[in-house]
Amino acid sequence: MFDIRVKKSLGRFHLSADIKAEAGLTALFGPSGAGKTLLAKMLAGLVTPDEGHIELAGRTLFSSAKNINIPVHQRHIGFVFQEHRLFPHYSVRGNLTYGNGRRAGKATPVSFEKVADILGLAALLDREPASLSGGERQRVAIGRALLSNPKILILDEPLSSLDDARKREILPLIEALKSEFDIPTLYISHSIEEITRLADTLLLLDNGAMKAVGPTADILTRLDLIPYAGGYDAGTLIAATVTAYEPAHHMLTLETAGGGKLYITGGAKEIGSSARLRIRARDVALSKTEPKSMSILNRFKGRLVDHCSGAEGMEELLLDVGFPLTARITRKSFEDMKLTKDTPVWALVKAVTISRA
Ligand SMILES: Nc1ncnc2c1ncn2[C@@H]1O[C@H](COP(=O)(O)OP(=O)(O)OP(=O)(O)O)[C@@H](O)[C@H]1O
């Protein structure tokens, strides 16, 4: 879908990237100042690379070798910034249709009604941007970008200016966009929670350098990438199917492709529906013997596959419990338990610590 090979220096900051991403949602993750926005701006044509090549959907947007640099407005990119940039004197409807008007006569495959419906904008159409909440403004900005019929949607930390409640409101909408519109998306964030929930492909950037790119679940089980993939909050992404719901205890049972059973609490979910679960490495405890008579519901039998030293007295572990699972324990426990590669272990995870990604 896009192929970016670029270099750019700005003062003492140097960015070098080589990325190929397919359709779906690609997340660009890294700490503040890593170069995420700069990379997105080069794709959008807002910043010119020093050298390299940018291709989107088979079209060359930039090539230093061939002297090609397609201007911003001809790149067909829907860009949503950290802070909404709506036209203050246009109504919500005017903002949403602005992109369409510019390309008068061209039918857009993304329907106005569908965008308004999914983003919950129908009741806001006659309002002015100044009267909207931050979350509402961001929803309008996303809608406007979608309606410009883009080849790719770039969402640059679209939730960072919102409080947690608004984030929880908008995240499912972004998920819905993924399934309803087949528009490739580059999603920039420094929240590993958002990334785990949304990303098909994960790209880790640190101080202008690419650390890794690949399927999200694979990247999250690489011990060497833990410092760049959430650090303290790092964890595993698990795909599972809902097999039972017990309303009295709000208890969901899920099964992984390999037959592993997981228990989580939460609202009802349709039996047979799929779910992405996130287990933080620091929420996993280990036992060498089968744990009995304890409150922890998730007990997985497996073995230690790999380990490495983590920060300050911690050991990072990769387990195979029918699915890959990362765990973090103290080095003291690691040594006391005499764990080595292939040691059989039980991994214990409290149901209440597992989040539906
Ligand atoms: N015009 C500029 N001149 C000099 N340095 C710049 C310029 N624009 C960006 N930079 C530097 O490039 C680096 C990367 O900036 P960028 O905005 O891409 O980071 P980011 O990963 O998006 O960070 P954040 O998560 O804080 O938005 C930073 O060190 C920034 O100071």
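Everything here concerns the structure above.
Computed from a predicted structure; not experimentally measured.

Draft legend 1. Structural view of the pairing of strand β12 (residues 235–246). In this sheet, strand β15 (residues 274–280) lies alongside β12 in antiparallel orientation, the contact comprising seven bridges. Each residue of the ladder has a partner; that of I238, found in β15, is L277. Direction of pairing for β12 relative to strand β13 (residues 251–256): antiparallel, over a ladder of six bridges. Paired with E246 across the strands is M251, a residue of β13. From the end of β12 to the start of β13, which pair antiparallel, there are four residues, and H250 there has a positive phi angle of about 50 degrees.

Draft legend 2. Representation of the packing of helix α4 (residues 134–147) against helix α5 (residues 164–180) in the model. The N-to-C vectors of α4 and α5 enclose an angle of 15 degrees; their axes lie 10 Å apart at closest approach. Judged by the inter-axis angle, α4 sits roughly parallel to α5. Between α4 and α5 lies a crossing of right-handed hand. Note on element contacts: α5 touches α4 through R166, E169, I170, L173, I174 and L177, opposite G135, Q138, R139, I142 and L146. Its residues placed into classes, the contact of α4 with α5 shows six nonpolar, two polar and three charged.

Draft legend 3. How the structure looks around the site of the ligand. Around the ligand, the structure places 13 residues, and the nearest of them are S32, G33, K36, T37 and L38. Measuring from an oxygen atom of the ligand, one finds a side-chain N or O atom of T37 at 2.8 Å. Here L38 contributes a backbone N or O atom positioned 2.9 Å from an oxygen atom of the ligand. Alone, the ligand offers 640 Å² of accessible surface; in the complex the protein occludes 58% of this. With three residues, helix α1 (residues 36–44) is the largest single contributor of residues to the shell around the ligand. When the residues that make up the shell around the ligand are grouped by side-chain class, the tally is five nonpolar, six polar and two charged.

Draft legend 4. Quick look at a nonpolar patch on the surface. A cluster of nonpolar residues, F87, Y90 and Y98, forms a patch on the protein surface that exposes about 250 Å² of accessible area. Topologically, F87 is positioned in the loop between β7 (77–80) and α2 (92–102).

Draft legend 5. Representation of the pattern of salt bridges in the model. Under the defined criterion, the tally for this structure stands at 19 salt bridges. In this structure, D50 and K8 form a salt bridge, with 3.5 Å as the shortest nitrogen-oxygen distance. Here D50, found in the loop between α1 and β4 (51–56), pairs with K8, found in strand β1 (residues 2–10); they are 42 residues apart in sequence, far enough to count as distant. According to the relative accessible area criterion, K8 is buried, its value standing at 13%. Where K178 meets D200, a salt bridge forms, and the shortest distance between an N and an O atom there is 3.3 Å. Here K178, found in helix α5, pairs with D200, found in the loop between α6 (192–198) and β10 (201–206); they are 22 residues apart in sequence, far enough to count as distant. Classification of K178 by relative accessible area gives partly exposed; the value is 31%. Overlapping salt bridges, with partners in common, bring together E193, R278, R280 and D283 in one network.

Draft legend 6. Expanded view of the packing of aromatic side chains. The final tally for this structure, using the stated rule, is five aromatic pairs. Ring centres of Y90 and Y98 lie 6.0 Å apart, and the angle between their planes is 70 degrees; this geometry places the pair in the edge-to-face category. A relative accessible area of 31% places Y98 in the partly exposed class. With a centroid separation of 5.3 Å and an interplanar angle of 75 degrees, the aromatic rings of F300 and F323 are classed as edge-to-face. On the criterion of sequence distance, the pair formed by F300 in strand β17 (residues 298–309) and F323 in the loop between β18 (314–320) and β19 (324–330) is long-range, its members being 23 residues apart. Taking the relative accessible area as the measure of exposure, F323 reaches 6% and is therefore buried. Cluster of aromatic residues (ring-pair linked, three or more members): F87, Y90 and Y98.

Reading the values: the criteria
- Residues numbered from 1 in each chain as written.
- Predicted model: local features only at pLDDT ≥ 70, side-chain atom pairs only at ≥ 80, totals over all residues.
- Heavy atoms only, no water.
- Pairing = 2+ DSSP bridges.
- Helix = DSSP H or I, 4+ residues; strand = E, 2+ residues; numbered from the N terminus.
- Axes fitted to C-alpha atoms, helices over the stretch in contact; angles between N-to-C directions.
- Parallel < 35°, antiparallel > 145°, perpendicular 65-115°, else oblique.
- Left-handed = near helix turned anticlockwise from the far one by under 90°.
- Contact = heavy atoms within 4.5 Å.
- Nonpolar A, V, L, I, M, F, W, Y, C, P; charged D, E, K, R; others polar.
- Near = heavy atom within 4 Å.
- Polar contact = N/O pair within 3.5 Å; in protein donor to acceptor, adjacent residues only side chain to side chain.
- Areas by Shrake-Rupley, 256 points an atom, 1.4 Å probe, with all protein chains shown as cover.
- Patch = residues over 30% accessible without salt bridge, like charges linked within 9 Å, V, L, I, M, F, W, Y side chains within 5 Å.
- Salt bridge = Lys/Arg side-chain N within 4 Å of Asp/Glu carboxyl O.
- Buried < 20%, exposed > 50% of the residue type's maximum accessible area, 1.4 Å probe, protein only.
- Phe/Tyr/Trp six-rings, centres within 6.5 Å; stacked < 30°, edge-to-face > 60°.

Fair warning: the whole summary comes from geometry, so function is off the table for now.
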